[in-house]
Amino acid sequence: MKEKISALRENFRARLSAAQTPEQLEEVRVSFLGKKGPVSDLMAELRNVEGEQKARLGQLINEAKAEFAKAITAAGETLRQKALEAQIAHAKPFNPTLPAHLNCGSFHPITLIQREVESIFASMGFTVEDYPEVVDDYHCFEALNIPKHHPARDMQDTYYLDNGQLLKTHTSAAQNHIMRKYGAPLRAIFPGRCFRNEATDACHENTFFQMEGIMIDEDISISNLIYFMKKMLSEVFRRDIRVRLRPGFFPFVEPGFELDISCLICGGDGCPSCKNSGWLELCPCGMIHPNVLKAGGIDTDKYTGFAFGLGLTRLAMMKYGIGDIRDFNAGQLKSLSQFESR
Ligand code: PHE
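Quick caveat, the model's predicted, so the values are computed rather than measured.

> Please clarify how the site of the ligand should be interpreted in this entry.
Around the ligand sit 14 residues in total, of which His 170, Ser 172, Arg 196, Gln 210 and Gly 309 are the nearest. In this structure, Arg 196 approaches the ligand through a side-chain N or O atom, which is 2.9 Å from an oxygen atom. The side chain of Gln 210 places a nitrogen or oxygen atom 2.8 Å from an oxygen atom of the ligand. Considered on its own, the ligand offers 330 Å² of accessible surface; in the complex 96% of this is hidden by protein. Going through the elements one at a time, strand E5 (207-217), strand E8 (279-288) and strand E9 (304-311) are the ones with two or more residues in the shell around the ligand. Here the shell around the ligand takes three residues from E9, the largest share from any one element. In terms of residue class, the shell around the ligand is made up of seven nonpolar, five polar and two charged.

Laid out in C-alpha coordinates, this is it:
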(Lines give C-alpha, C1' and ligand atoms only; values in the text may rest on other atoms or scores of the structure.)
Protein backbone atom coordinates (compact mmCIF):
# COMPACT_ATOMS: atom_id res chain seq x y z
CA MET A 1 0.00 0.00 0.00
CA LYS A 2 2.94 2.27 0.69
CA GLU A 3 4.04 1.90 -2.92
CA LYS A 4 0.53 2.72 -4.07
CA ILE A 5 0.68 5.96 -2.09
CA SER A 6 4.01 7.04 -3.56
CA ALA A 7 2.82 6.12 -7.08
CA LEU A 8 -0.26 8.22 -6.48
CA ARG A 9 1.93 11.15 -5.39
CA GLU A 10 3.92 10.98 -8.59
CA ASN A 11 0.86 10.67 -10.71
CA PHE A 12 -0.64 13.67 -8.92
CA ARG A 13 2.45 15.85 -9.47
CA ALA A 14 2.50 15.04 -13.18
CA ARG A 15 -1.20 15.85 -13.58
CA LEU A 16 -0.90 19.03 -11.53
CA SER A 17 1.98 20.43 -13.55
CA ALA A 18 0.02 19.73 -16.75
CA ALA A 19 -3.00 21.76 -15.56
CA GLN A 20 -2.83 25.17 -17.24
CA THR A 21 -6.32 26.57 -16.70
CA PRO A 22 -8.64 26.81 -13.70
CA GLU A 23 -10.92 24.24 -15.37
CA GLN A 24 -8.09 21.72 -15.75
CA LEU A 25 -7.08 22.33 -12.15
CA GLU A 26 -10.62 21.61 -11.02
CA GLU A 27 -10.54 18.35 -12.95
CA VAL A 28 -7.35 17.34 -11.11
CA ARG A 29 -8.99 18.18 -7.79
CA VAL A 30 -12.09 16.12 -8.52
CA SER A 31 -10.20 13.15 -9.91
CA PHE A 32 -7.79 12.91 -6.94
CA LEU A 33 -9.78 14.19 -4.00
CA GLY A 34 -13.34 13.45 -5.16
CA LYS A 35 -15.50 10.77 -3.53
CA LYS A 36 -14.70 8.25 -6.22
CA GLY A 37 -11.03 9.16 -6.48
CA PRO A 38 -7.93 7.16 -5.52
CA VAL A 39 -7.59 8.75 -2.07
CA SER A 40 -11.07 7.51 -1.13
CA ASP A 41 -10.19 4.09 -2.60
CA LEU A 42 -7.08 3.87 -0.43
CA MET A 43 -9.11 4.79 2.63
CA ALA A 44 -11.56 2.04 1.79
CA GLU A 45 -8.71 -0.45 1.41
CA LEU A 46 -7.53 0.42 4.94
CA ARG A 47 -10.48 -1.52 6.26
CA ASN A 48 -8.59 -4.73 5.44
CA VAL A 49 -5.43 -3.69 7.33
CA GLU A 50 -5.02 -4.47 11.01
CA GLY A 51 -3.59 -2.79 14.11
CA GLU A 52 -0.63 -0.46 14.23
CA GLN A 53 -0.06 -0.67 10.52
CA LYS A 54 -3.55 0.62 9.95
CA ALA A 55 -2.82 3.73 11.97
CA ARG A 56 0.50 4.33 10.19
CA LEU A 57 -0.93 3.89 6.71
CA GLY A 58 -3.97 5.98 7.59
CA GLN A 59 -1.64 8.79 8.62
CA LEU A 60 0.29 8.49 5.32
CA ILE A 61 -2.92 8.66 3.29
CA ASN A 62 -4.10 11.72 5.22
CA GLU A 63 -0.77 13.43 4.72
CA ALA A 64 -0.98 12.81 0.98
CA LYS A 65 -4.54 14.13 0.94
CA ALA A 66 -3.56 17.34 2.77
CA GLU A 67 -0.54 17.76 0.50
CA PHE A 68 -2.73 17.47 -2.62
CA ALA A 69 -5.26 20.01 -1.33
CA LYS A 70 -2.51 22.48 -0.46
CA ALA A 71 -0.78 22.05 -3.82
CA ILE A 72 -4.06 22.59 -5.69
CA THR A 73 -4.78 25.82 -3.77
CA ALA A 74 -1.25 27.11 -4.45
CA ALA A 75 -1.52 26.23 -8.14
CA GLY A 76 -4.86 28.06 -8.33
CA GLU A 77 -3.26 31.15 -6.84
CA THR A 78 -0.40 31.00 -9.35
CA LEU A 79 -2.85 30.67 -12.24
CA ARG A 80 -4.84 33.70 -11.04
CA GLN A 81 -1.67 35.76 -10.68
CA LYS A 82 -0.54 34.78 -14.18
CA ALA A 83 -3.95 35.71 -15.63
CA LEU A 84 -3.76 39.12 -13.95
CA GLU A 85 -0.28 39.77 -15.26
CA ALA A 86 -1.38 38.81 -18.76
CA GLN A 87 -4.34 41.18 -18.47
CA ILE A 88 -2.08 44.04 -17.40
CA ALA A 89 0.39 43.28 -20.17
CA HIS A 90 -2.37 43.41 -22.78
CA ALA A 91 -4.23 46.40 -21.34
CA LYS A 92 -4.26 49.51 -23.49
CA PRO A 93 -1.96 52.19 -22.07
CA PHE A 94 -3.81 55.00 -20.25
CA ASN A 95 -4.47 57.88 -22.58
CA PRO A 96 -5.13 61.10 -20.68
CA THR A 97 -6.20 62.92 -23.85
CA LEU A 98 -9.31 60.79 -24.45
CA PRO A 99 -12.56 62.69 -23.75
CA ALA A 100 -14.31 61.64 -20.54
CA HIS A 101 -17.92 60.52 -20.84
CA LEU A 102 -19.01 61.55 -17.39
CA ASN A 103 -22.44 62.69 -16.33
CA CYS A 104 -21.48 65.84 -14.49
CA GLY A 105 -23.68 67.17 -11.72
CA SER A 106 -24.61 70.82 -11.67
CA PHE A 107 -24.83 73.53 -9.08
CA HIS A 108 -28.30 74.64 -8.06
CA PRO A 109 -29.13 78.12 -9.42
CA ILE A 110 -29.45 79.41 -5.84
CA THR A 111 -25.93 78.20 -5.07
CA LEU A 112 -24.64 79.91 -8.20
CA ILE A 113 -26.26 83.25 -7.38
CA GLN A 114 -25.23 83.01 -3.74
CA ARG A 115 -21.59 82.48 -4.68
CA GLU A 116 -21.73 85.31 -7.17
CA VAL A 117 -23.19 87.80 -4.69
CA GLU A 118 -20.76 86.62 -2.03
CA SER A 119 -17.78 87.32 -4.21
CA ILE A 120 -19.13 90.77 -5.18
CA PHE A 121 -19.51 91.76 -1.53
CA ALA A 122 -16.27 90.05 -0.50
CA SER A 123 -14.46 92.23 -3.05
CA MET A 124 -15.93 95.25 -1.26
CA GLY A 125 -14.55 94.17 2.11
CA PHE A 126 -17.54 92.27 3.54
CA THR A 127 -16.94 89.03 5.45
CA VAL A 128 -19.22 86.09 4.71
CA GLU A 129 -20.84 84.59 7.84
CA ASP A 130 -22.79 81.43 8.56
CA TYR A 131 -25.61 81.08 11.08
CA PRO A 132 -27.88 78.16 12.10
CA GLU A 133 -31.37 77.61 10.71
CA VAL A 134 -32.83 76.81 14.13
CA VAL A 135 -32.68 79.92 16.32
CA ASP A 136 -34.24 81.29 19.48
CA ASP A 137 -36.92 83.90 19.90
CA TYR A 138 -34.44 86.46 21.24
CA HIS A 139 -32.26 86.47 18.10
CA CYS A 140 -35.08 86.19 15.60
CA PHE A 141 -37.29 88.84 17.22
CA GLU A 142 -36.42 90.50 20.51
CA ALA A 143 -32.88 91.56 19.65
CA LEU A 144 -34.38 93.04 16.48
CA ASN A 145 -36.67 95.40 18.36
CA ILE A 146 -39.69 93.09 18.04
CA PRO A 147 -40.79 92.45 21.63
CA LYS A 148 -43.33 89.75 22.55
CA HIS A 149 -46.89 90.57 21.43
CA HIS A 150 -45.61 93.18 18.95
CA PRO A 151 -47.96 93.15 15.95
CA ALA A 152 -44.92 92.97 13.62
CA ARG A 153 -44.55 89.31 14.62
CA ASP A 154 -47.62 88.63 12.51
CA MET A 155 -45.71 89.75 9.42
CA GLN A 156 -43.78 86.49 9.57
CA ASP A 157 -45.68 83.23 10.00
CA THR A 158 -43.24 81.36 12.13
CA TYR A 159 -42.67 77.62 12.43
CA TYR A 160 -42.18 77.00 16.17
CA LEU A 161 -40.48 73.84 17.40
CA ASP A 162 -41.55 71.83 20.44
CA ASN A 163 -38.44 72.89 22.35
CA GLY A 164 -39.38 76.59 22.14
CA GLN A 165 -36.91 77.35 19.37
CA LEU A 166 -37.98 78.24 15.84
CA LEU A 167 -36.95 78.01 12.20
CA LYS A 168 -35.45 81.35 11.30
CA THR A 169 -37.92 83.46 9.39
CA HIS A 170 -35.27 85.86 8.12
CA THR A 171 -31.50 86.13 8.00
CA SER A 172 -31.75 89.22 10.24
CA ALA A 173 -31.77 86.64 13.07
CA ALA A 174 -27.96 86.61 12.87
CA GLN A 175 -27.51 90.40 13.19
CA ASN A 176 -27.14 90.47 16.96
CA HIS A 177 -24.69 87.56 17.02
CA ILE A 178 -22.48 89.14 14.36
CA MET A 179 -22.49 92.59 16.00
CA ARG A 180 -21.43 90.98 19.26
CA LYS A 181 -18.82 88.85 17.51
CA TYR A 182 -17.04 91.69 15.67
CA GLY A 183 -18.17 94.99 17.19
CA ALA A 184 -17.92 98.18 15.10
CA PRO A 185 -16.78 99.03 12.47
CA LEU A 186 -18.19 96.03 10.65
CA ARG A 187 -19.12 94.84 7.15
CA ALA A 188 -20.66 91.40 6.85
CA ILE A 189 -23.06 89.41 4.71
CA PHE A 190 -24.80 86.26 5.87
CA PRO A 191 -26.71 84.10 3.42
CA GLY A 192 -29.20 81.55 4.73
CA ARG A 193 -32.32 79.49 4.24
CA CYS A 194 -35.45 80.95 5.81
CA PHE A 195 -38.82 79.39 6.56
CA ARG A 196 -42.31 80.86 6.76
CA ASN A 197 -45.57 79.05 7.15
CA GLU A 198 -47.32 80.75 4.29
CA ALA A 199 -49.36 79.74 1.24
CA THR A 200 -47.26 79.22 -1.87
CA ASP A 201 -47.76 80.75 -5.29
CA ALA A 202 -45.54 81.73 -8.23
CA CYS A 203 -43.58 84.20 -6.10
CA HIS A 204 -43.95 82.84 -2.55
CA GLU A 205 -42.45 79.70 -1.05
CA ASN A 206 -42.37 78.51 2.54
CA THR A 207 -38.63 77.89 2.16
CA PHE A 208 -36.45 80.49 0.48
CA PHE A 209 -32.99 82.00 0.61
CA GLN A 210 -32.00 85.45 1.74
CA MET A 211 -28.70 87.25 1.90
CA GLU A 212 -28.50 89.68 4.76
CA GLY A 213 -25.90 92.40 4.81
CA ILE A 214 -24.93 94.92 7.46
CA MET A 215 -22.41 97.71 7.44
CA ILE A 216 -21.68 99.69 10.59
CA ASP A 217 -19.21 102.53 10.79
CA GLU A 218 -18.98 106.24 11.54
CA ASP A 219 -21.18 108.39 9.26
CA ILE A 220 -22.95 105.59 7.41
CA SER A 221 -26.04 106.95 5.65
CA ILE A 222 -28.76 105.94 3.20
CA SER A 223 -26.53 106.96 0.30
CA ASN A 224 -24.02 104.25 1.30
CA LEU A 225 -26.86 101.75 1.29
CA ILE A 226 -28.05 102.79 -2.18
CA TYR A 227 -24.51 102.74 -3.54
CA PHE A 228 -23.83 99.15 -2.40
CA MET A 229 -27.21 97.89 -3.63
CA LYS A 230 -26.83 99.41 -7.08
CA LYS A 231 -23.25 98.24 -7.36
CA MET A 232 -24.21 94.68 -6.47
CA LEU A 233 -27.20 94.60 -8.87
CA SER A 234 -25.26 96.03 -11.79
CA GLU A 235 -22.56 93.38 -11.28
CA VAL A 236 -25.05 90.52 -11.00
CA PHE A 237 -26.96 91.54 -14.12
CA ARG A 238 -23.95 93.02 -15.90
CA ARG A 239 -25.93 96.13 -16.82
CA ASP A 240 -27.68 99.02 -15.11
CA ILE A 241 -30.90 97.93 -13.43
CA ARG A 242 -33.88 100.18 -12.77
CA VAL A 243 -34.62 100.29 -9.06
CA ARG A 244 -37.09 102.16 -6.91
CA LEU A 245 -37.16 102.77 -3.17
CA ARG A 246 -40.45 102.79 -1.33
CA PRO A 247 -40.92 103.37 2.35
CA GLY A 248 -41.20 100.04 4.16
CA PHE A 249 -41.81 99.20 7.78
CA PHE A 250 -39.57 96.81 9.70
CA PRO A 251 -39.10 97.33 13.44
CA PHE A 252 -35.34 96.81 13.17
CA VAL A 253 -34.66 99.67 10.72
CA GLU A 254 -35.43 103.36 10.85
CA PRO A 255 -36.08 104.58 8.23
CA GLY A 256 -36.98 101.38 6.38
CA PHE A 257 -37.39 100.83 2.65
CA GLU A 258 -38.46 98.34 0.04
CA LEU A 259 -36.05 98.25 -2.85
CA ASP A 260 -37.82 97.04 -5.98
CA ILE A 261 -36.30 96.22 -9.34
CA SER A 262 -38.05 96.37 -12.65
CA CYS A 263 -39.27 92.83 -13.46
CA LEU A 264 -36.80 91.28 -15.86
CA ILE A 265 -39.11 88.42 -16.79
CA CYS A 266 -41.75 90.61 -18.45
CA GLY A 267 -39.57 93.69 -18.91
CA GLY A 268 -41.88 95.70 -16.65
CA ASP A 269 -45.13 94.97 -18.56
CA GLY A 270 -46.63 92.80 -15.81
CA CYS A 271 -46.69 89.00 -15.40
CA PRO A 272 -47.57 86.44 -12.68
CA SER A 273 -44.03 86.64 -11.25
CA CYS A 274 -44.45 90.33 -10.44
CA LYS A 275 -48.18 90.12 -9.73
CA ASN A 276 -48.74 92.21 -12.87
CA SER A 277 -47.12 95.28 -11.33
CA GLY A 278 -43.96 95.29 -13.45
CA TRP A 279 -41.89 95.60 -10.25
CA LEU A 280 -40.44 92.97 -7.98
CA GLU A 281 -39.74 93.45 -4.31
CA LEU A 282 -36.16 92.35 -4.08
CA CYS A 283 -34.49 93.88 -1.12
CA PRO A 284 -36.04 95.30 2.03
CA CYS A 285 -33.49 97.50 3.72
CA GLY A 286 -32.92 100.51 5.94
CA MET A 287 -30.81 102.18 8.58
CA ILE A 288 -30.30 99.89 11.57
CA HIS A 289 -32.55 100.94 14.46
CA PRO A 290 -30.56 102.28 17.47
CA ASN A 291 -32.26 99.70 19.73
CA VAL A 292 -30.82 96.94 17.57
CA LEU A 293 -27.34 98.46 17.62
CA LYS A 294 -27.56 98.79 21.40
CA ALA A 295 -28.66 95.17 21.79
CA GLY A 296 -25.60 94.24 19.73
CA GLY A 297 -23.31 96.21 22.05
CA ILE A 298 -22.60 99.01 19.53
CA ASP A 299 -22.03 102.58 20.68
CA THR A 300 -24.90 104.48 19.03
CA ASP A 301 -23.34 107.89 19.69
CA LYS A 302 -20.45 106.98 17.47
CA TYR A 303 -21.79 104.50 14.93
CA THR A 304 -24.65 104.12 12.48
CA GLY A 305 -25.27 101.35 9.98
CA PHE A 306 -27.45 99.99 7.22
CA ALA A 307 -28.96 96.53 6.79
CA PHE A 308 -30.54 94.79 3.85
CA GLY A 309 -32.29 91.45 3.41
CA LEU A 310 -31.76 90.52 -0.22
CA GLY A 311 -34.15 87.90 -1.59
CA LEU A 312 -31.64 85.48 -3.11
CA THR A 313 -34.34 83.24 -4.54
CA ARG A 314 -36.04 86.20 -6.24
CA LEU A 315 -32.69 87.35 -7.55
CA ALA A 316 -32.06 83.91 -9.07
CA MET A 317 -35.52 84.05 -10.72
CA MET A 318 -34.65 87.36 -12.30
CA LYS A 319 -31.16 86.43 -13.35
CA TYR A 320 -32.05 83.07 -14.91
CA GLY A 321 -35.57 83.95 -16.07
CA ILE A 322 -37.30 81.37 -13.86
CA GLY A 323 -41.00 82.28 -13.77
CA ASP A 324 -42.20 80.19 -10.84
CA ILE A 325 -40.43 80.14 -7.47
CA ARG A 326 -41.73 76.61 -6.79
CA ASP A 327 -39.52 75.25 -9.59
CA PHE A 328 -36.45 75.65 -7.36
CA ASN A 329 -37.49 72.92 -4.96
CA ALA A 330 -39.38 70.73 -7.41
CA GLY A 331 -36.37 68.48 -8.07
CA GLN A 332 -36.77 68.77 -11.84
CA LEU A 333 -33.44 67.48 -13.08
CA LYS A 334 -34.24 68.53 -16.62
CA SER A 335 -34.39 72.19 -15.70
CA LEU A 336 -31.56 71.99 -13.14
CA SER A 337 -29.20 70.34 -15.59
CA GLN A 338 -29.30 73.47 -17.76
CA PHE A 339 -26.92 74.98 -15.21
CA GLU A 340 -24.35 72.24 -15.75
CA SER A 341 -21.74 74.17 -17.69
CA ARG A 342 -21.77 77.30 -15.55
N1 PHE B 1 -35.60 90.62 7.62
C2 PHE B 1 -36.56 91.32 6.80
C3 PHE B 1 -37.53 90.30 6.26
O4 PHE B 1 -37.14 89.25 5.86
C5 PHE B 1 -35.90 92.05 5.69
C6 PHE B 1 -35.01 93.18 6.11
C7 PHE B 1 -33.69 92.96 6.36
C8 PHE B 1 -35.52 94.45 6.21
C9 PHE B 1 -32.87 94.02 6.71
C10 PHE B 1 -34.73 95.50 6.57
C11 PHE B 1 -33.39 95.28 6.82
O12 PHE B 1 -38.69 90.53 6.20
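There's plenty left to go through after this.
> Would you take a moment to explain the sheet that holds E9 for this structure?
Across a sheet, paired strands are connected by hydrogen bonds in the backbone, their directions being either parallel or antiparallel. Sheet architecture is open: seven strands sit in the order E1-E4-E5-E9-E8-E7-E6, paired in mixed fashion. Strands at the two margins of the open sheet, each flanked by one partner only, are strand E1 (127-128) and strand E6 (243-247). Relative to strand E7 (residues 253-262), E6 is paired through five bridges, and the arrangement is antiparallel. Paired with Leu 245 across the two strands is Leu 259, which belongs to E7. Sheet strands touched by helix H7 (residues 175-182): strand E4 (186-195), E5, E8 and E9. Its angle to E4, the strand with the most contacts, is close to 150°.

> Would you explain helix H8 (residues 222-237) in this entry?
Since one α-helical turn is 3.6 residues long, residues separated by three or four positions face the same way. If you check H8, its first and last C-alpha atoms are 23 Å apart, about what 16 residues at 1.5 Å a residue would give, namely 22 Å. Taken as a whole, H8 has its buried residues at Leu 225, Phe 228, Met 229, Met 232, Leu 233, Val 236 and Phe 237. The buried side chains of H8 occupy one side of the element, clustering within an arc of 145° when seen end-on. Immediately downstream of H8, the backbone of Arg 238 shows phi near 55°, a positive value.

> What should I look at first to understand the domain arrangement of the protein in this one?
Accessible area lost upon the coming together of the parts is a frequently used measure of interface size. For the protein, the assigned domains read domain 1 (2-89) and domain 2 (109-339). The C-alpha-based centres of domain 1 and domain 2 are spaced at 80 Å.

> What should I look at first to understand the nonpolar core in this one?
The nonpolar side chains of soluble globular proteins are, as a tendency, buried together. By size, the foremost hydrophobic cluster in this structure holds 45 residues, and its most contacted members are Val 117, Phe 121, Leu 233, Phe 308, Leu 310 and Leu 315. Looking at this core, the elements with two or more residues in it are helix H5 (109-122), E5, H8, E7, E8, E9 and helix H10 (312-320). Considering every element that reaches this core, the biggest residue donor is H8, with seven residues. Among all residues touching Leu 315, those that are not within four sequence positions of it are Ile 113, Val 117, Leu 233, Val 236, Phe 237, Leu 282 and Leu 310. One finds Leu 144, Ala 188, Leu 293 and Tyr 303 within the second-largest nonpolar core, a separate group that totals 26 residues.

> Please clarify how the packing of aromatic side chains should be interpreted in this entry.
Aromatic ring pairs are reported here in terms of the distance separating the ring centres and the angle at which the planes meet. Tallying each qualifying case throughout the model produces ten aromatic pairs. Judged by centre distance (5.2 Å) and plane angle (80°), the ring pair of Phe 12 and Phe 32 falls under edge-to-face. Here Phe 32 lies in helix H2 (residues 22-33) and Phe 12 lies in helix H1 (residues 2-18), a separation of 20 residues in the sequence. Using a relative accessible area of 3% as the deciding quantity, one classes Phe 12 as buried. One aromatic cluster in this structure is built from Phe 121, Phe 126, Tyr 227, Phe 228, Phe 306 and Phe 308. For Arg 115, the ring lying beneath its charged end belongs to Phe 107, and the centroid distance is 4.4 Å.

> Any chance you could explain the pairing of E5 here in plain terms?
One face of the sheet, then the other: side chains in a regular strand alternate in exactly this way. Of all eleven residues making up E5, nine are buried, and the element is well covered by its neighbours. Alignment of E4 against E5, held across ten bridges, turns out to be antiparallel. If you follow Pro 191 over to E5, its bridge partner there is Met 211. Taken together, the eight bridges between E5 and E9 define a ladder with antiparallel strand orientation. Each residue of the ladder has a partner; that of Asp 217, found in E9, is Thr 304.

> Help me out: how do you make sense of unusual backbone geometry in this one?
Peptide bonds are, in most cases, trans, and in most cases residues other than glycine have a negative phi. Of the consecutive residues Ala 184 and Pro 185, the connecting peptide bond is found in the cis state with omega at -5°. Relative to the helices and strands, Pro 185 is located in the loop between H7 and E4. Note that the residue after Glu 254, namely Pro 255, is joined by a cis bond; omega there is -5°. Tracing the backbone shows Pro 255 in strand E7. With a phi angle near 65°, Asn 145 is a residue other than glycine that sits in the positive phi range.

Parameters and conventions
Residues numbered from 1 in each chain as written. Predicted model: local features only at pLDDT ≥ 70, side-chain atom pairs only at ≥ 80, totals over all residues. Heavy atoms only, no water. Near = heavy atom within 4 Å. Polar contact = N/O pair within 3.5 Å; in protein donor to acceptor, adjacent residues only side chain to side chain. Areas by Shrake-Rupley, 256 points an atom, 1.4 Å probe, with all protein chains shown as cover. Helix = DSSP H or I, 4+ residues; strand = E, 2+ residues; numbered from the N terminus. Nonpolar A, V, L, I, M, F, W, Y, C, P; charged D, E, K, R; others polar. Pairing = 2+ DSSP bridges. Contact = heavy atoms within 4.5 Å. Axes fitted to C-alpha atoms, helices over the stretch in contact; angles between N-to-C directions. Expected span 1.5 Å × (residues − 1). Buried < 20%, exposed > 50% of the residue type's maximum accessible area, 1.4 Å probe, protein only. Arc of directions from axis to C-beta. Domains from an automatic or database assignment. Core = buried A, V, L, I, M, F, W, Y, C linked by side-chain atoms within 4.5 Å. Phe/Tyr/Trp six-rings, centres within 6.5 Å; stacked < 30°, edge-to-face > 60°. Lys NZ or Arg CZ within 6 Å of the ring centre and 35° of its normal.

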